[in-house]
Amino acid sequence: MIENRPVLAFLTHLVLIVGVVIVVFPVYLAFVASTHGSGDFMRGLVPLLPGPHLIENYSFMLNEGISSAGAPPLWIMLLNSLVMAISIAVGKIIISILSAYAIVFFRFPFRMVAFWIIFITLMLPVEVRIIPTFKVVADLGMLNSYPGLIIPLIASATATFLFRQFFLTVPDELMEAARVDGAGAMKFFRDILLPLSRTNIAALFVILFIYGWVQYLWPLLVTTDSRYYTIVMGIKRLAATADSEPQWNFVMAAVMLAMLPPVLVVIFMQRLFVKGLVETEK
Amino acid sequence: MLSNSAKLGTRKSQHNNKGVSMSKKVLCLSVGLTAMLAATPAFAQTEIAWWHAMDAQLGEKLQEIATGFNESQSEFKVIPTYKGTYPETLTAAIAAFRANEQPAIVQVFEVGTGTMMAAKGAVYPVYQLMADNGEPWDPSGFLAPVTGYYSDVDGNILSMPFNSSTPIMYYNKDLFEKAGLDRETPPKTWAELETMSRQIVESGAAPCGLSSAWITWIQTENLSAIHDQPFGTLDNGFGGLATEFTFNGPVQVKHWDNLKKWADEGLFQYGGPVGGADSAPKFYAQECAIFMNSSAGRAGVIANSKEFEVGFAPLPYYDDEITEPKNSIIGGATLWALNGKDPEVYKGVAQFFTYLSEPEIQAGWHQFTGYLPITNAAYELGQSQDYYAQNPGSDVAIQQITRGTPTANSKGVRFGNLTQARNVVDEEFEAMLAGSKTAQEALDSAVERGNQILRDFEAANQ
Amino acid sequence: MQAKRTTFPNKFLPYWLLVPQLAVTLIFFIWPAVQALKSSFEREDPFGFKTTFVWFENYRRLLIDPMYVGSLGKTAVFAFSVTALSMSLSLILAVAVNRVLRSNRAYTTLLVWPYAVAPVVVGILWWFMFNPTIGIAPYLLRGMGIDWNHRVDGNQAMIFVVMAASWKQISYNFLFFVAGLQSVPQSQIEAAAIDGAGPFKRFWTIVFPLLAPTTFFLLIVNINYAMFDTFGIIDATTQGGPAQATNILVYKVYTDGFLGLNIGSSSAQSVILMIIVIALTAIQFRYVERRIQY
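Note that the structure is a prediction, hence the values are computed from the model and not measured.

Rules and cut-offs
- In every chain, residue numbers begin from 1 and rise along the written sequence.
- Whichever chain is written first is A, and whichever ligand is written first is 1; the rest continue in order.
- A pLDDT threshold of at least 70 governs which residues receive local features in this predicted model, and a stricter bar of 80 or more applies before side-chain atom pairs are shown or counted, although totals over entire chains, interfaces and linings include all residues.
- Strands here mean DSSP runs of E at least two residues long; helices mean DSSP runs of H or I at least four residues long; both are numbered from the N terminus.
- When we talk radius of gyration, it's over C-alpha atoms, and the globule rule is simply 2.2 Å times the number of residues to the 0.38.
- Here exposure depends only on C-beta density: within 10 Å of a residue's C-beta, 20 or more other C-beta atoms make it buried, 12 or fewer make it exposed, and intermediate numbers make it partly exposed, the C-beta atoms being placed from the backbone.
- The contact criterion used here is simple: two residues whose C-beta atoms, placed from the backbone, lie within 7 Å are in contact.
- As used here, a nonpolar core is made of buried Ala, Val, Leu, Ile, Met, Phe, Trp, Tyr and Cys residues. They are joined through C-beta atoms within 7 Å.
- Boundary definitions for the domains trace back to an automatic or database domain assignment.
- Here, expected helix span is obtained from the residue count minus one, scaled by 1.5 Å.
- Residues are grouped as follows: nonpolar covers Ala, Val, Leu, Ile, Met, Phe, Trp, Tyr, Cys and Pro; charged covers Asp, Glu, Lys and Arg; every other residue, Gly included, is treated as polar.
- Any two strands with at least two DSSP bridges between them are considered paired.
- What counts as an axis is a line fitted to C-alpha atoms, over the stretch in contact for a helix, and the angles between N-to-C directions run from 0 to 180 degrees.
- Angle categories: roughly parallel below 35 degrees, roughly antiparallel above 145, roughly perpendicular from 65 to 115, and oblique for all the rest.
- For any helix crossing, the convention is left-handed if the near helix is rotated counterclockwise from the far helix by under a right angle, and right-handed if that rotation is clockwise.

**Focus on the overall build of chain B**
Inference 1: Per the secondary structure count, chain B includes 21 helices and eleven strands.
Inference 2: Over its C-alpha atoms chain B spans a radius of gyration of 24 Å, differing by no more than 12% from the 23 Å that the globule rule assigns to 462 residues.
Inference 3: Dimensions of chain B along its principal axes, counting C-alpha atoms only, are 80 × 50 × 35 Å.
Inference 4: When each of the 462 residues of chain B is scored for burial, the buried share is 57%.
Inference 5: By sequence separation, contacts in chain B at least 24 residues apart represent 75% of the contacts at least 6 residues apart.

**Considerations on the overall build of chain A**
Inference 1: Looking only at helices and strands, chain A features 13 helices and zero strands.
Inference 2: For chain A, the α and β elements follow one another from N to C terminus as α-α-α-α-α-α-α-α-α-α-α-α-α.
Inference 3: Counting over 282 residues, chain A shows a buried share of 55%.
Inference 4: The long-range fraction of contacts in chain A, counting pairs at least 24 apart against all pairs at least 6 apart in sequence, stands at 71%.

**Structural notes on the nonpolar core**
Looking at soluble globular proteins, one finds that nonpolar side chains tend to be buried together.
Inference 1: Core analysis: the largest hydrophobic core is formed by 322 residues, its most contacted members being A:Val206, A:Ile235 and A:Val255.
Inference 2: Per-domain counts for this core show at least three residues from each of domain 1 (45-165 + 332-385) and domain 2 (167-328 + 410-461) of chain B.

**Overview of helix α13 (residues 263-288) of chain C**
Inference 1: Between the first and last C-alpha of α13(C) there are 36 Å, a value that for 26 residues agrees with the 38 Å anticipated at 1.5 Å per step.
Inference 2: Taken residue by residue, α13(C) has C:Ile263, C:Gly264, C:Ser265, C:Ser266, C:Ser267, C:Ala268, C:Gln269, C:Ser270, C:Val271, C:Leu273, C:Met274 and C:Val277 as its buried positions.

**Considerations on the interface of chain A and chain B**
Inference 1: In this complex, chain A contributes 30 residues to the contact, which on the side of chain B involves 38 residues.
Inference 2: Elements that contribute at least two residues to the side of chain A that touches chain B include exactly α5 (126-139), α11 (217-222) and α12 (231-239) of chain A.
Inference 3: With five residues, α5(A) is the single largest residue contributor to the side of chain A that touches chain B.
Inference 4: The residue inventory of the side of chain A that touches chain B, partitioned by class, reads 13 nonpolar, ten polar and seven charged.

**Some remarks on the domain arrangement of chain B**
Residue and element names in this part refer to chain B.
Inference 1: Considered domain by domain, chain B is made up of domain 1 (45-165 + 332-385) and domain 2 (167-328 + 410-461).
Inference 2: One C-alpha centre belongs to domain 1, the other to domain 2; they are set 29 Å apart.
Inference 3: Counting only elements with at least two residues in the side of domain 1 that touches domain 2, the list comes to α5 (113-118) and α7 (144-149).
Inference 4: Sorting elements by how many residues they give to the side of domain 1 that touches domain 2 places α5 first, with four residues.

**Notes on unusual backbone geometry**
Inference 1: With omega at -10°, the peptide bond leading from C:Gly241 into C:Pro242 counts as cis.
Inference 2: Along the chain, C:Pro242 turns up in the loop between α11 (231-237) and α12 (249-259).
Inference 3: Positive phi, normally seen in glycine, also occurs at B:Gln286, with a value near 60°.
Inference 4: Inspection of the secondary structure puts B:Gln286 in the loop between α13 (279-284) and β9 (288-294).
Inference 5: Owing to 21 C-beta atoms within 10 Å, B:Gln286 belongs among the buried residues under this scheme.
Inference 6: Of note in this structure, B:Asp386 is not a glycine but carries a positive phi near 65°.
Inference 7: Along the chain, B:Asp386 falls in the loop between α17 (376-384) and α18 (387-390).

**A word on the sheet that holds β9(B)**
Residue and element names in this part refer to chain B.
Inference 1: Strands sit in the order β8-β7-β9-β6-β10 across an open sheet of five strands; the sheet is mixed. Both edges of this open sheet fall to β8 (268-270) and β10 (310-313), since each of them pairs with a single strand only. Averaged over all adjacent pairs, the angle separating strand axes in this sheet is 25°, with direction ignored.
Inference 2: In this sheet, β8 lies alongside strand β7 (residues 208-212) in parallel orientation, the contact comprising three bridges. Paired with Ser211 across the bridge in β8 is Gln269.
Inference 3: Contacts from helix α10 (residues 217-226) reach β6 (167-172), β7 and β9, with the element oriented near 125° to β6.

**Quick look at the pairing of strand β11 (residues 331-338) of chain B**
Residue and element names in this part refer to chain B.
Inference 1: A large share of β11 lies buried, amounting to eight of its eight residues.
Inference 2: Taking every second residue as pointing to the same face, both faces of β11 are buried, with Gly331, Ala333, Leu335 and Ala337 on one and Gly332, Thr334, Trp336 and Leu338 on the other.
Inference 3: Across five bridges, strand β3 (residues 105-109) lies against β11 in antiparallel orientation. Paired with Gln107 across the two strands is Leu335, which belongs to β11.
Inference 4: For strand β4 (residues 123-124) and β11, the ladder comprises two bridges, and the chain directions are antiparallel. Opposite Val123, over in β11, you have Leu338 as the bridge partner.
Inference 5: Judged from the five bridges that link them, strand β5 (residues 160-165) and β11 form a sheet pairing that is antiparallel. For Met160, the partnering residue across the bridge sits in β11 and is Leu335.

**Points about the packing of helix α4 (residues 104-112) of chain C against helix α7 (residues 154-182) of chain C**
Inference 1: At their nearest, the axes of α4(C) and α7(C) sit 8 Å apart, and the two run at 145° to each other. Here α4(C) contributes C:Thr108, C:Leu111 and C:Val112 to the contact with α7(C), which in turn contributes C:Ser171, C:Phe174, C:Leu175 and C:Val178.

**With respect to the environment of B:Gly300**
Inference 1: Looking at where B:Gly300 falls in the secondary structure, it is placed in helix α14 (residues 298-304).
Inference 2: Residues B:Gly300 and B:Gly370, spaced 70 residues apart in sequence, show a C-alpha to C-alpha distance of 9.5 Å.

**Observations regarding the packing of helix α3 (residues 74-105) of chain A against helix α7 (residues 157-168) of chain A**
Residue and element names in this part refer to chain A.
Inference 1: Here α3 crosses α7 at 45°, and the two axes come no closer than 8 Å. Accordingly, the angle class assigned to the pair α3 and α7 is oblique. Viewed along their axes, α3 and α7 form a crossing whose handedness is right-handed. On α7, the residues that touch Lys92, Ile93, Ser96, Ile97, Ser99, Ala100, Tyr101, Ile103, Val104 and Phe105 of α3 are Ala159, Thr160, Phe163, Arg164, Phe167 and Leu168.
Inference 2: Counted by class, the contact of α3 with α7 contains eleven nonpolar, three polar and two charged residues.

**What to know about the pairing of β7(B)**
All names here are of chain B.
Inference 1: Summarising burial for β7: five of the five residues are buried, a large majority.
Inference 2: Where β7 meets β9, four bridges bridge the pair, whose relative direction is parallel. Within β9, the position partnered with Ser212 by the bridge is Met292.

Here it is, written out as structure tokens:
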């Protein structure tokens, strides 16, 4: 803040508080649901205050809940989700940053073709290509395996696009200075570009981690071995009963539990891109 | 040999997922090793993959059945896998089939029957499977309306009945009493339902009389069956792919007209398309006194209706259209065997199906889940166990589905792309409720659009 | 399209850098996409036993169907509303968080965390909030005299799904705006302040232009999200209704392909959808990007 304008400061906080209320309210609702008895949520106006069953519901979920009906224990599902999320986030970041670097900092034939091939991956709905993709994965023998779960999801245009945007803002002077110093392309990449990209990498990691964490349809299709179930598959299973009402309190307890690791990631990664600790000068 | 037995040992311990202790794992491993060391050659169990859409407690019960079968013999092992909702499971099976990774058994909902039946190369019909493997197979032991739905024109049963349901009427006894009605007398006819709903609303007992899930299945398909009205040509589609819809007849129009009238008056509240997600809360919150849904929802309805007493009754009918209403038709799912596996696998599937048909297994599944008992023997077993006497209302569904003699109009429906056709019906119903069409126009439009869908299916499967 | 003026001279290095992404893209995306494209010219049964080449029949049927053409309009309204609502709200919040020094970490956590709600659950939560019987929103609206029933009123249904879909993206946009605001040099802002520019003027003349690359990125991503990733929310809330009021293109693809198993038609719909979005994106690259100074 440059000047001290109390009105503006108050307004800012007000905006933020209202924003938080709007954005967090549905999650709060999920939390409230997880603390009530089953059926409380269907009988009248949805309660807005937490109920008395918090310990009961959560300990049930942790001990037996999700792992009923042929699903593996909770910790295995959490582990699978963790492996998927981290691998996908790291994998996507690595291959995207390399591709973006190539496209922005070099001139070569088919440069634009490569960009558009990568970019098009954003634009075809997944349900349409899911059956043919499944066949490819099956033909490669990758069903029921971590590679099968992870690799098909790793080609992301979003990350490449983001890095491209960022790389275009890097001043030419930096590059020229590096060349004058005799640094090659990869040295420039390692020593100068990567540190500069830290903010974006951190933000992307959060998003991509969560993306990998919440995968449902693809793991469902590609695994028959319950050892590879992810946590969201477990949740969906509870929430999508065929002919009767789901038990919302347990579903929401599972939802809240599933959200804990991503929260940790958000908190941890924030340090890298929230003002106060990061140098804003380039 | 070594790898097979060791695999057997470790596989067993891995699938034991209710917190297997270390000693049990060691025991399994040593059993496996012992088997290997013994002189007699150890053979691997033939695995039978079973993909299903039963989750939560239903899935648990299903797992119990599979485990029971596995423990009753040592040659085969049925491995159930939850593959999502009914549509997700079917899509997964299709994707797997195209990649030659299909399961031996897949649970397909009744709406997918047309698709499965048309896929002759993919399906191994149950009657043939049982005959080929020398397993006993007595179609007459099954509940007629159930098997009728899944038979071909020659009466051969193509898929194994497993979890079938039929729609019934749930009503709030306390609200009835509050409105001055007799709590033990639910409406028998639609006329009575109208009067009773009006009394409930006008007396202030509740703001609404009726809500219903599945406008398509309950208020159109079942309506037609109960009143012996055709839903489509060629025996409701059983006769072939050239079938056409005919559900825009006078009885259906009258009923939709009534629903619109009642909606305008406030007696009926619409709960959304397909499964009507919004209608159940109306009943549990005591906003609507009467609720129509699948009989399989019985356990859930009771669990969610903690503050009032629930009554169960058959669906009402128009007594000026028919004096003796016919049976209702089924929903739910059946088990289909898919082609392309080794003969050894099908031997196991046949044995498993025999196991499933045993009265104790059937009765146990039906009583736990609320689905119908598939065999007459299971029904009789339940009667001898006094189950129905102790659980009032639990046999409403069976009685409704077995009353009268089924006609061509009440054996069920057999249409390809039924999901899409039902979506069309839902849309037209909503257009009618919004006031942009009359009931006749809505039904006519639904028939016209639906027929196009049928022609597409015919062309794709000719 | 914009490019750097100076580049490195390496001839083969760029190709090597691109190999991982291109390989995965070609095997797991382009090849299946080609299959889908092929399917759009065919009529086949779900199991793939019988496939007939039908030229443009699938496409023709779609384009003469008034319901499909209507869906185009609804999708446009939906995509535009979701993008505008979601981006503007998150920009306001990001700028606000940027001004606050002490508690900004707490605010940021709270605002980003809802992104971790699994998509399958988002729709369910909004269904709860707006359910005519048990939902808090209709209750409050009734208190204000508005009778909310999105099962019958098409406009209310559209408002409902726009809100739910936007909500999901606020955290995402917020995160990237916050990261983007980091690269706005403090020195420039201070200089402008010394020159007498107030906070709003500083924002529009300095911050916003510097934020343009991020904004452009988010614009493309948001439109993409609205056009492709929202079928889950529609499925959990309105199922495309009432009477097709919220039946956007991608939901139609989902119901026809995934639920209806009509592979030919849903492939054709996907191709049309893809062409629309590619065109939109190309337009944006051509006309919007040139105004951005990197």
